[in-house]
Amino acid sequence: MTRFVFITGGVVSSLGKGIASAALGALLQSRGWRVRLRKLDPYLNVDPGTMSPLQHGEVFVTDDGAETDLDLGHYERFTGVHATRNDNATTGRIYSEVIARERRGDYLGATVQVIPHITDAIKDAIVRDTDDVDFALIEIGGTVGDIESLPFLEAIRQLGNELGPQKTMFVHLTLVPYIPSAGELKTKPTQHSVKELQNVGIQPQMLLCRCDRPIPENERRKIASFCNVRPEAVVAALDVDTIYSVPIAYHAEGMDTEVLRHFGLDATIEPDMSDWQRICDTVRAPEGEVRIAVVGKYTNLLDSYKSLAEALAHGGIANGVKVVLDWVDSEIFEQSNPVPRLEGVHGILVPGGFGERGTEGKIAAVRFARERRVPFLGICFGMQMAVIECARNLAGLPDASSSEFGACDTPVVGLLTEWARGNEIETRAEGGDLGGTMRKGAYPALLAEGSLANRVYGTHTISERHRHRYEVNIRYREVLEGAGLRFSGLSPDGVLPEIVEYPDQPWFVGVQFHPELKSKPRAPHPLFSGFIAAAVRQARLV
Ligand code: GLN
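Residues numbered from 1 in each chain as written. Predicted model: local features only at pLDDT ≥ 70, side-chain atom pairs only at ≥ 80, totals over all residues. Heavy atoms only, no water.

Remarks on the sheet that holds strand S13 (residues 322-329)
- Taken together, nine strands build an open sheet; the order of strands is S13-S12-S14-S15-S25-S24-S23-S20-S21 and the sheet is mixed. Each end of this open sheet is capped by a strand with a single partner; those strands are S13 and strand S21 (461-468). The sheet shows a mean angle of 25° between the axes of neighbouring strands, taken without regard to direction.
- Alignment of strand S24 (residues 497-501) against strand S25 (residues 508-511), held across three bridges, turns out to be antiparallel. Across the sheet, residue Ile 499 finds its bridge partner in S25, namely Val 511.
- Running over the sheet, helix H15 (residues 359-372) touches strand S12 (289-296), strand S14 (347-350), strand S15 (376-379) and S25 and is turned about 150° from S14. (Pairing = 2+ DSSP bridges. Helix = DSSP H or I, 4+ residues; strand = E, 2+ residues; numbered from the N terminus. Axes fitted to C-alpha atoms, helices over the stretch in contact; angles between N-to-C directions. Contact = heavy atoms within 4.5 Å.)

In structure tokens:
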């Protein structure tokens, strides 16, 4: 039987609803239940693929090639369950489905309306493909009271009514602020936010209260009484030192016990939280630290590199060290020498990116890493920059560039318009819609025997997630390999370079895919474990 837990948020945004949902998923999982998490986003974009990462944070890509909200990254990192395109729906996507049906004439002459047509489509999106789990955790984006989220709230209200409390539960995340001048915790914002929910017909059964200090029994009872929930169901969600301690913290507050009680399920056996405990222990007591410079463009909004920052932390967990990130805006290297800024870092990472701005600075950072033999990881755009750097400075191709920046005579990185996926040929049109022209999702790659990539992964075949329009041009393989850059990972048909490396460097790898999307605290990605291990060696050398 599938039970649905709906998670809404109130008072203010950015309370960490995604992590709260993911942690509840992990908790239920540690009690042996099968879970799936899903996010409904009220904005009008069909997916976040066309949004700037500065607006909405990173675009998280699933195996099946969907561009989704970054919260799906938290879900995967906490539960290990790989998300699919069904796990993120937006108002834009729901409306476009309904409008397409209307155009086809599927509604047989009916007036198409928000209720019931949009709400029915939302309900379909919620329940679709959830038969194989015990709990489907559905996070509603935005803050209760927003105009845009109303159809979603109406849809979950209806589902609550149709399926009944044995199969549904409403959890509301709120803020309980401490007012220093009064020396008090204030429960009023929570009360108002719950009223807002009640106005649309939803009575939450649990309140998850973000707070910077423990909530005294008195306040807890007050919240319970005013908001119509059991006192045990007022759960304090206190600030923590590492997000990976959230499942343990919620368990200590009795959250999972209360959820199971709501559904009439046994909660007497203690869950096994030892892996989370181990992770927290490592994070809290690292054996030394390494400093990694991340040279990119969107460095002023850390959410735009969310998975990357997490994956680097996982590399630290794997090696028992703390990873200190030094975010560097690559443009500064276009005016100034990178040496003073990069001197002394133990690893350099050039992440994914789009557009020409800042590229010369990234190329300068690659050159620094290569010439100083500093461990280097180039991801997607970062790999492309590493290839251009090699072409220009080692292979005697001074005009080498990417056709992303306009027509060029030496396109070592270029637009490929046709490639194979399994037995099918996929194509992309030059000048097509920006929303649909990328190579997205999981693709296999074959690794060359004995290469660093092969040793790091411990296997010859891998599958990794992509999101890019341009490819390293295989026609330049010979000249680049002649200059020392080995093409150590290729698509099975040998046409698409997936990994490059310098065999004569301590640790220098560029990958066309995004390994950070698959790294998890309980299973750090081998490339990040390997990169941080190399940084640890570097730290001991310098
Ligand atoms: N802009 C590059 C491309 O489209 C790289 C994209 C990325 O780093 N995700 O190929």
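Brief notes about the sheet that holds strand S16 (residues 401-402)
- The strand order S16-S17-S22 describes an open sheet built from three strands, whose pairing is mixed. Edge positions in the sheet fall to S16 and strand S22 (470-472), since each of these pairs with one other strand and no more.
- Pairing between S16 and strand S17 (residues 411-415): two bridges, direction parallel. Among the inter-strand pairings, Ser 402 is bridged to a residue of S17, identified as Val 413.

Remarks on the packing of aromatic side chains
- Counted according to the given criterion, the structure contains 12 aromatic pairs.
- Between the aromatic rings of Phe 381 and Phe 405, the centroid separation amounts to 6.1 Å while the plane-to-plane angle is 85°, which identifies the pairing as edge-to-face. Pair noted here: Phe 381 is in helix H16 (residues 381-393) and Phe 405 is in the loop between S16 and S17, with a separation of 24 residues, a long-range link. Accessibility assignment for this pair places Phe 381 and Phe 405 in one class, buried. (Phe/Tyr/Trp six-rings, centres within 6.5 Å; stacked < 30°, edge-to-face > 60°. Buried < 20%, exposed > 50% of the residue type's maximum accessible area, 1.4 Å probe, protein only.)

What about the site of the ligand?
- The environment of the ligand is formed by Gly 352, Gly 353, Phe 354, Cys 380, Phe 381, Gln 384, Glu 404, Arg 467, His 468, Arg 469, Tyr 470 and His 514.
- Interatomic distance of 3.2 Å between a side-chain N/O atom of His 514 and a nitrogen atom of the ligand.
- In the complex, 99% of the free accessible area of the ligand, which totals 300 Å², lies under the protein chains.
- Elements that contribute at least two residues to the shell around the ligand include exactly H16 and S21.
- Per-class residue counts for the shell around the ligand are four nonpolar, five polar and three charged. (Near = heavy atom within 4 Å. Polar contact = N/O pair within 3.5 Å; in protein donor to acceptor, adjacent residues only side chain to side chain. Areas by Shrake-Rupley, 256 points an atom, 1.4 Å probe, with all protein chains shown as cover. Nonpolar A, V, L, I, M, F, W, Y, C, P; charged D, E, K, R; others polar.)

Topic: the pattern of salt bridges
- A complete count under the given rule lists 44 salt bridges for this structure.
- A salt bridge links Asp 71 to Lys 39, with the nearest nitrogen and oxygen atoms 2.9 Å apart. You can see Asp 71 sitting in helix H3 (residues 71-79) and its partner Lys 39 sitting in strand S2 (residues 35-41), a full 32 residues away along the chain. In this pair, the class of Asp 71 matches that of Lys 39, namely buried.
- For Arg 367, the salt bridge is made with Glu 371, and the minimal N-O distance between the two is 2.8 Å. (Salt bridge = Lys/Arg side-chain N within 4 Å of Asp/Glu carboxyl O.)

Digging into the side chain of Lys 17
- Inspection of the secondary structure puts Lys 17 in helix H1 (residues 17-30).
- A polar side-chain atom of Lys 17 sits 2.5 Å from the main-chain carbonyl oxygen of Ile 140.
- Discounting chain neighbours no more than four positions away, the residues touching Lys 17 are Ile 7, Thr 8, Gly 9, Glu 139, Ile 140, Gly 141, Gly 142 and Leu 173.

A word on the environment of Glu 343
- Following the sequence through the fold, Glu 343 ends up in the loop between helix H14 (339-342) and S14.
- Setting aside residues up to four positions removed in sequence, Glu 343 forms contacts with Arg 291, Phe 368 and Arg 372.
- Reaching out from Glu 343, the side chain makes a polar contact with the side chain of Arg 372 at a distance of 2.7 Å.

Focus: the pairing of S17
- Among the five residues of S17, four are classified as buried, and the element is accordingly described as predominantly covered.
- Alignment of S17 against S22, held across three bridges, turns out to be antiparallel. From the neighbouring strand, Leu 415 faces S22, where its bridge partner is Tyr 470.

Concerning H16
- End to end, H16 covers 18 Å across 13 residues, agreeing with the expected 18 Å (1.5 Å per residue, within 8%).
- H16 sits mainly inside the fold: 11 of its 13 residues count as buried.
- For H16, the set of buried residues is Phe 381, Gly 382, Met 383, Gln 384, Met 385, Ala 386, Val 387, Ile 388, Glu 389, Cys 390 and Ala 391. (Expected span 1.5 Å × (residues − 1).)

Quick notes on the state of the cysteines
- A complete count under the given rule lists zero disulfides for this structure.
- Cys 211 takes part in no disulfide bond, and the closest cysteine sulfur to it belongs to Cys 209, at a distance of 7.8 Å. (Disulfide = S-S within 2.5 Å.)

Describing the packing of helix H5 (residues 114-127) against helix H6 (residues 150-163)
- Across the interface, H5 lies against H6 with an axial gap of 9 Å and an inter-helix angle of 70°. As far as their axial angle goes, H6 and H5 are roughly perpendicular. Our pair here, H5 against H6, has a crossing hand that is right-handed. Mapping the contact onto sequence places Val 114, Ile 115, Ile 118, Thr 119, Ile 122, Lys 123, Ile 126 and Val 127 in H5 and Pro 151, Phe 152, Glu 154, Ala 155, Ile 156, Gln 158, Leu 159 and Glu 162 in H6.
- Grouping the constituent residues of the contact of H5 with H6 by class yields 11 nonpolar, two polar and three charged. (Parallel < 35°, antiparallel > 145°, perpendicular 65-115°, else oblique. Left-handed = near helix turned anticlockwise from the far one by under 90°.)

What is shown is where atoms sit, not what they do.
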